[in-house]
Amino acid sequence: QLTTNFYSTSCPNLLATVKSGVKSAVSSQPRMGASILRLFFHDCFVNGCDGSILLDDTSSFTGEQNANPNRNSARGFNVIDNIKTAVEKACPGVVSCADILAIAARDSVVQLGGPNWNVKVGRRDAKTASQAAANSNIPAPSMSLSQLIRSFSAVGLSTRDMVALSGAHTIGQSRCTNFRTRVYNETNINAAFATLRQRSCPRTAGSGDGNLAPLDINSATSFDNSYFKNLMAQRGLLHSDQELFNGGSTDSIVRGYSNSPSSFNSDFAAAMIKMGDISPLTGSSGEIRKVCGRTN
Ligand code: HEM
Ligand SMILES: [Ca+2]
């Protein structure tokens, strides 16, 4: 039921407002584009794209922001809050936070040089969030290929969608705690790459856990297909990244995207639209939040 023109009369400046908010955030800190894109993924995989991840914890409410995949990791909430404030000024009570996040994710990709697409909107905001569902539904970097395929198929996304969407790791950073085992204990890794990443990630768990390394060694702030070239050179940073090119059924998809930026771009855009369609709240379900961090 989502459409690209849902707000065209009720909030004609919406797209321009979101774009300018993303533009200023990403130009002052390019990583923010990656962080916003990931927020959208982590929203959609937990009870659909309903803005649930944006709800802040309070003394009487536990939401998703401190679930394992998000704690000390998910960022960019302030950017979405600030854009929401600007949107509320122009069109009070009209535009959901879930839609603002969907548009901001697209604008982040575009701002970093990736493909453009028309964002479907008309989502409403959840009145609840689920830490338990965030812990169980968001894929973990320790997963095998078959587990990754299953986690995406649980929300209606194909194996090809999974590989294309994983190309989001062409931008952004990971903490040492998520790549330590890979760079010390795995053998399907380029030796020089492993040594390089070991330098910023001490072997002992607990030390340097938060040290950052780019998910894409070549171009962490440009949205291109070099993530897939890295995988073919055994330079995937996360275990889950390298699973996509490790002698299994997705090798041919990785090879295809590494040879053809245009096929990666068009599949990524199509898969983002598909991910954005995961169980939206529409009609009179949910609400239009006034502030993205709390229910009305
Ligand atoms: C295929 C399963 C996936 C797994 C296991 C996974 C796992 C991870 C992990 C562990 C990190 C590093 C977090 C940290 O250390 O703080 C990360 C970062 C990131 N992920 Fe994924 N991810 C997956 C798919 C996706 C998808 C589908 C998207 C978006 C479409 C995405 C976008 C990102 C981005 C942009 C970052 C960098 C964020 C930043 O720099 O703030 N990931 N992911
Ligand atoms: Ca959600």
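What counts as what
- Residues numbered from 1 in each chain as written.
- Chains lettered and ligands numbered in written order.
- Predicted model: local features only at pLDDT ≥ 70, side-chain atom pairs only at ≥ 80, totals over all residues.
- Heavy atoms only, no water.
- Near = heavy atom within 4 Å.
- Polar contact = N/O pair within 3.5 Å; in protein donor to acceptor, adjacent residues only side chain to side chain.
- 1 Å grid on protein atoms, 1.4 Å probe; cavity = no way out; pocket = protein on both sides within 12 Å on 5 of 7 lines; lining within 4 Å.
- Sits in = over half its atoms within 2 Å of the grid points.
- Helix = DSSP H or I, 4+ residues; strand = E, 2+ residues; numbered from the N terminus.
- Nonpolar A, V, L, I, M, F, W, Y, C, P; charged D, E, K, R; others polar.
- UniProt positions renumbered as here; feature names shortened; annotations may be inferred.
- Contact = heavy atoms within 4.5 Å.
- Donors = N, O, S within 2.8 Å, 3.2 Å for Na, K, Ca; no water.
- Tetrahedral: all angles 85-135°; square planar, octahedral: opposite > 155°, others 65-115°.
- Points joined across faces, edges and corners; volume = space filled by probe spheres on them.

Enquirer: Could you give an account of the site of ligand 1, naming the residues involved and the relevant values?
Expert: Residues in contact with ligand 1 amount to 24 residues; listed here are only the nearest, Arg31, Ser35, Ser73, His169 and Arg175. Note that an oxygen atom of ligand 1 is positioned 2.7 Å from one of the side-chain N or O atoms of Arg31. Measuring from an oxygen atom of ligand 1, one finds a side-chain N or O atom of Ser35 at 2.6 Å. With respect to the pocket detection grid, ligand 1 is positioned in the largest pocket. Elements with a contribution of two residues or more to the shell around ligand 1: helix H2 (31–44), helix H6 (145–153), helix H7 (159–166) and strand E1 (173–175). With five residues, H2 is the single largest residue contributor to the shell around ligand 1. Its residues assigned to classes, the shell around ligand 1 comprises twelve nonpolar, nine polar and three charged.

Enquirer: Can you break down the UniProt feature "site: Transition state stabilizer" (unreviewed entry) in the chain residue by residue, with the values?
Expert: On the UniProt side, "site: Transition state stabilizer" (unreviewed entry) is annotated at positions that read Arg38 here. Examined against the element boundaries, Arg38 turns out to sit in helix H2. Not counting residues up to four positions away in its chain, the partners in contact with Arg38 are Pro69, Ser73 and Ala74.

Enquirer: Please give an account of the coordination of the iron atom of ligand 1 that cites residues and values.
Expert: Within the protein, a single donor atom binds the iron atom of ligand 1, namely His169 (NE2) at 2.1 Å. Here His169 lies in the loop between H7 and E1.

Enquirer: I'd like a rundown of the coordination of the calcium ion (ligand 2), residues and numbers included.
Expert: By definition of the ideal shapes, four donors in a tetrahedron about a metal sit 109.5 degrees apart, and six donors in an octahedron sit 90 or 180 degrees apart. In the first shell of the calcium ion (ligand 2), the protein supplies Asp43 (O), Asp43 (OD), Val46 (O), Gly48 (O), Asp50 (OD) and Ser52 (OG), at 2.3 to 2.4 Å from the metal. Around the calcium ion (ligand 2) sit six donor atoms; with metal-centred angles ranging over 72 to 159°, the donor geometry is irregular. The sequence pattern describing where the donors of the calcium ion (ligand 2) fall on their chain is D-x2-V-x1-G-x1-D-x1-S.

Enquirer: Give me the layout of surface pockets: which residues, what numbers.
Expert: In this model, the largest pocket occupies a volume close to 960 Å³. Around the largest pocket, the lining is made up of 45 residues, and of these Arg38, Phe41, His42, His169 and Leu238 lie nearest the centre. When contributions to the lining of the largest pocket are tallied by element, the ones reaching two or more residues are H2, helix H5 (131–137), H6, H7, E1, helix H8 (176–185), helix H11 (239–243) and helix H13 (261–276). A total of eight residues in the lining of the largest pocket trace back to one element, the largest contributor, which is H2. Each pocket or cavity is described by its volume, and for the second largest pocket that value is around 180 Å³. Forming the walls of the second largest pocket are 13 residues, and the residues nearest its centre are Thr4, Asn5, Leu15, Val119 and Val121. Of all the secondary-structure elements, those providing two or more residues to the lining of the second largest pocket are helix H1 (14–28) and helix H4 (97–111). Per-class residue counts for the lining of the second largest pocket are eight nonpolar, four polar and one charged.

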